[in-house]
Amino acid sequence: MRAELIQEFQLLQNSRANKFADELADKILSSVDAVNEKVLSSMSKRGNMLMLLEKRLNFSTLRKLRERFFKP
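Residues numbered from 1 in each chain as written. Predicted model: local features only at pLDDT ≥ 70, side-chain atom pairs only at ≥ 80, totals over all residues. Heavy atoms only, no water.

Participant: Looking at this structure, how should I read the overall build of the protein?
Facilitator: Within the protein one finds one helix and zero strands. For the protein, the C-alpha radius of gyration of 31 Å lies well beyond 11 Å, the compact-globule estimate for 72 residues. Buried residues in the protein amount to 0% of all 72 residues. With an accessible surface of roughly 7500 Å², the protein has 61% of that area assigned to carbon and sulfur atoms. (Helix = DSSP H or I, 4+ residues; strand = E, 2+ residues; numbered from the N terminus. Rg over C-alpha atoms; globule rule 2.2 N^0.38 Å. Buried < 20%, exposed > 50% of the residue type's maximum accessible area, 1.4 Å probe, protein only. Areas by Shrake-Rupley, 256 points an atom, 1.4 Å probe, with all protein chains shown as cover.)

Take a look at the structure:
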């Protein structure tokens, strides 16, 4: 009887520990996912801005070269 009670108590402790560990892991994973989303979003915005800047730079450079070498 005593061994059964000890075993039942150990099972209860393990169950509570697993529940706590799962909740903690969920909180950590959700915060990590939120940070990853913000980082990816800012990197995407920065990449888009750089692409637009490069596009404008190329057009302005081509325009200047065309005006310089192909005068009408």
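Additional details are given in the paragraphs that follow.
Participant: What should I look at first to understand a nonpolar patch on the surface in this one?
Facilitator: On the surface, Phe 59, Leu 62, Leu 65, Phe 69 and Phe 70 cluster together to form a nonpolar patch covering roughly 590 Å² of accessible area. Structurally, the position occupied by Phe 70 is in the segment after α1 (2–69). A residue is classified by how much of its surface remains accessible, and Phe 70, at 64% relative accessible area, is exposed. (Patch = residues over 30% accessible without salt bridge, like charges linked within 9 Å, V, L, I, M, F, W, Y side chains within 5 Å. Salt bridge = Lys/Arg side-chain N within 4 Å of Asp/Glu carboxyl O.)

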